[in-house]
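Architecture and fold: a report
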Amino acid sequence: MRKIKYFISLIIGVFIMTSCSDWLTVYPNNDQTTDQFWRSREEVEGVLANGYVSLRDAVDYLFVWGEVRGNSLSLGTSGLNYSNMQKMNVLDITPSNPYASWASMYTVIKMANSVIKYAPGVVDVDDTFFEEEMNSYLAEAYWLRSLAYFYLIRVFKEVPFVTEPYVKDDDNYETAKSTEYEIMEWILEDLHNYLQYAKEEFSEGVEYTKGRATKWAFYALMADIYLWKGDYARCIEMIEEIEGAMGIALIRGDNDLDDMREAWFSNFGTGNTSESIFEIQHTSTQTNNFIAWFSTTSRFQSSYAACQVIYEDGSDLRTRYNSSTEFGNGTIRKYTWSNADGSGRSIADQNYIIYRLAEIYLMKAEALALQGSYSYTSIVENYINPIRSRANATPITRAPSTEEAFLRLILNERQRELYAEGKYWFDLLRIGKRNKFEQYHELLIEEVLKSDEISAGNLGIVRAKLKDTFALYMPITTSELDANPLLEQNPYYKNLGY
């Protein structure tokens, strides 16, 4: 019961005080030492849960990093941090930009590292804490750490790979950067090693199974990393494990159009559906800023370029929820409505989805296409049309004949299905960097230049910046460079004198 209370209070947000919750007033201050702490299973659970809380606290960064530099959003000028986001969009980024901070992800990493380092020792001092349970906690910690590093390499390309929790004042914080490929190899090794200890589900309830790292979350993250890496065979191998999972399926309504709308929208209205693999949990007491972002302040609205894709097929029910208008500057309804009928949401308790099965299908479509040994027609029939069908979109009857045209088809389908879910910039960068930016760099540039935030007079300047591949990544903040002399600035920003 105490374990359940910890995760309910820390992840789901119903604050239930327990006898050992006093550590929350101490951790992660630097006066934590192993003889004062790490004496019980509950303390391990608490730090692991705080890793999930830290991930929830980072949602603002996850969304901005994944969306603002594509062409999907129109930025409301009255929204918080508008100028900083607008500068990201036109590649006028300096190390003082708040979204150049990687602190949120290193907080997640710190919590995970603490569990990884100290949890094994608790087995020796707590007779109720067994190795099997400890290993399952380690699996979750490795998954959290790997997810955080995967975000970091997509945003910064090269970052310090830290495996120590740094909880004491005399710890050495100075660590040089590692390459994105080194980090991918390390985190993939960790994920493969601890996959065997990950649970398929949690008996405490659906919020736990969808809000904690299960075996299926492991496979989804590994598939995503392999796709980024360009190892398409391994990506497909990971996805096939998810395809065979009991209880994971596209949620769909087959009775009528209203039933189909309700089914698709339930991914965002109620959340934690059968389609979900991992989503960051919010409730009425642990809310987010989504209503403010997408409604009251209009911090984010749909862009004209995105609407041209979203409204391409008038029968596609996703038009209704992705944008309130086909001409841009529309409300993004999937976060502001409480149900498919259009009732306004009064509490910002929507979960933030990291992985769901529709994306997994689209990952496989991309991997199969780039692997080059599967017909485009078969990919459409097996992995794209099922997503379109459940959205009432017209099936694609004729697949493109070239790789680039097919990739554009996948990008468009991802934009329709995963709109404003923090994916599109990473999609463009992943495809643009294929074969060391030799094939599809121009595709990336073309899409970014469609942004509402780039004026006609500024197109040439932004295009020139986009030609430098290091400009596609964020700078390291000045404070981090000052604190760690082993760090080197991203070359693009270093050349600008930062």
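Our subject is the structure that appears above.
Since we're looking at a predicted model, the values are computed, not measured. (Residues numbered from 1 in each chain as written. Predicted model: local features only at pLDDT ≥ 70, side-chain atom pairs only at ≥ 80, totals over all residues. Heavy atoms only, no water.)

Now for the side chain of Glu 421. As for its placement among the helices and strands, Glu 421 is situated in the loop between α17 (403–417) and α18 (424–432). Only 2.9 Å separates the side chain of Glu 421 from the side chain of Arg 356, close enough to count as a polar contact. Apart from residues lying up to four places away in sequence, Glu 421 is in contact with Glu 67, Phe 268, Lys 334, Tyr 335, Tyr 352, Ile 353 and Arg 356. (Helix = DSSP H or I, 4+ residues; strand = E, 2+ residues; numbered from the N terminus. Polar contact = N/O pair within 3.5 Å; in protein donor to acceptor, adjacent residues only side chain to side chain. Contact = heavy atoms within 4.5 Å.)

Before going further, it helps to spend a moment on the packing of aromatic side chains. Aromatic rings considered in pairs are described by the distance between their centres and by the relative angle of their planes. Across all of its chains, the model carries 36 aromatic pairs by this definition. For the pair Tyr 194 and Tyr 197, a centre-to-centre distance of 5.5 Å together with 50° between the ring planes defines the contact as tilted. Taking the relative accessible area as the measure of exposure, Tyr 194 reaches 19% and is therefore buried. For Tyr 197, a relative accessible area of 32% gives the class partly exposed. Put simply, the rings of Tyr 61, Trp 65, Tyr 99, Trp 102, Tyr 106, Tyr 149, Phe 156, Phe 161 and Trp 186 touch in pairs and so form one group of aromatic residues. When the ring centre of Tyr 151 is taken as origin, the NZ or CZ atom of Arg 154, which lies over that ring, is 4.6 Å away. The positively charged end of Arg 154 is found above the aromatic ring belonging to Phe 426, 4.3 Å away from the centroid. (Phe/Tyr/Trp six-rings, centres within 6.5 Å; stacked < 30°, edge-to-face > 60°. Buried < 20%, exposed > 50% of the residue type's maximum accessible area, 1.4 Å probe, protein only. Lys NZ or Arg CZ within 6 Å of the ring centre and 35° of its normal.)

What follows deals with the pairing of strand β6 (residues 352–356). Of all the five residues making up β6, five are buried; the element is thus mostly covered by neighbouring parts of the structure. Both strand β4 (residues 276–280) and β6 contribute to a ladder of four bridges, which runs antiparallel. Paired with Ile 280 across the two strands is Tyr 352, which belongs to β6. (Pairing = 2+ DSSP bridges.)

Before going further, it helps to spend a moment on the pattern of salt bridges. Tallying each qualifying case throughout the model produces 42 salt bridges. Residue Glu 185 is joined to Lys 229 by a salt bridge in which the shortest nitrogen-to-oxygen separation is 2.2 Å. Here Glu 185, found in helix α7 (residues 180–194), pairs with Lys 229, found in helix α9 (residues 215–229); they are 44 residues apart in sequence, far enough to count as distant. Residue Lys 229 is classed as partly exposed on the basis of its relative accessible area, which comes to 27%. Among the salt bridges present, the one from Asp 349 reaches Arg 345, with a minimum N-O distance of 3.0 Å. We classify Asp 349 as partly exposed; its relative accessible area is 24%. (Salt bridge = Lys/Arg side-chain N within 4 Å of Asp/Glu carboxyl O.)

Just geometry here; none of it tells us what the structure is for.
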